[in-house]
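Chain by chain, the residues run as shown.
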Amino acid sequence: VLNASASGNITLGSSANQLERVNILSSNNAVTIGSGNAKNANALQISTSNNVTSLRVTNYIAGEYNNNIELLNSVTATGDIDLDNREGIVNVAKDIQLNATNVNLSAAAGLTVNGSVNAQNTVSLASGTGADLVLGGVGTIKGNTVSITSGRDFIHNGSTITATKTDVSGSVVINAQR
């Protein structure tokens, strides 16, 4: 467990990190977390105790294990939230809310959103080639522009998806790849 607190930015973005749980105890600024855990299959769990300006989490490909990214609580950012799992799954559980200017969730092995994703501008959700994209129906996906791309030829959708047309560019784009 790594507990981090700073009055400025928190930058832990190295692929050499072997992180399993990061608790952001205090930071009203940008938070960057990177991990290339090759020790075991434990998920990279992230917890924040307050709002941040931005949250960027990258799980790098390392070793034989596919580590997932899990958020342990809701996150509100005045900037962007970007969760990029290059080897495993990103899971947004049913009680989790992500609120930001832009939200980008991408996962090589699959993306599951059972919570809510709300962006003032763009929501982008993508799963890797051959991977499931599941919108579980508990929460909502809302943004001016919403883009959903599945690495398989279907998307499991039970959620409410809303693109708010605050200008001419408001749109929903949904792609399922074969």
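Residues numbered from 1 in each chain as written. Predicted model: local features only at pLDDT ≥ 70, side-chain atom pairs only at ≥ 80, totals over all residues. Heavy atoms only, no water.

## Focus on the sheet that holds strand β17 (residues 140-143)
- With parallel pairing, the 5 strands of this open sheet are ordered in space as β8-β11-β14-β17-β20. Two strands close off the open sheet at either side, each with one partner strand: β8 (75-76) and β20 (160-163).
- In the sheet, β17 pairs with β20 via 4 bridges, with the strands oriented parallel. Bridging from a neighbouring strand, T140 pairs with T160 of β20. (Pairing = 2+ DSSP bridges. Helix = DSSP H or I, 4+ residues; strand = E, 2+ residues; numbered from the N terminus.)

## Details of the sheet that holds strand β16 (residues 133-135)
- Read across the sheet, 8 strands follow the order β1-β3-β5-β7-β10-β13-β16-β19 without closing on themselves; strand pairing throughout is parallel. Of all the strands in the sheet, just β1 (2-5) and β19 (156-157) have a single pairing partner and so form its edges.
- The sheet contact formed by strand β10 (residues 89-92) and strand β13 (residues 110-113) spans 4 bridges and is parallel. The residue of β13 that forms the bridge with N91 is T112.

## Things to note about the environment of S14
- Along the chain, S14 falls in the loop between β2 (10-12) and β3 (21-26).
- Taking the C-alpha atoms as reference, S14 lies 18 Å from N40; in sequence the two are 26 residues apart.
- Excluding its chain neighbours within four sequence positions, the residues that come into contact with S14 are G34, S35 and Y60. (Contact = heavy atoms within 4.5 Å.)

## Things to note about the confidence of the model for the protein chain
- In the predicted model, the protein chain carries a mean pLDDT of 88, and the fraction of residues at 70 or more is 90%.
- Summarising per-element confidence for the protein chain, the mean pLDDT is lowest in strand β21 (residues 171-176) (58) and highest in strand β9 (residues 80-85) (98).
- Per-residue pLDDT stays below 50 along residues 165-171; that stretch engages in 13 contacts with residues further than four places along the chain or on separate chains. (pLDDT = per-residue confidence, 0-100.)

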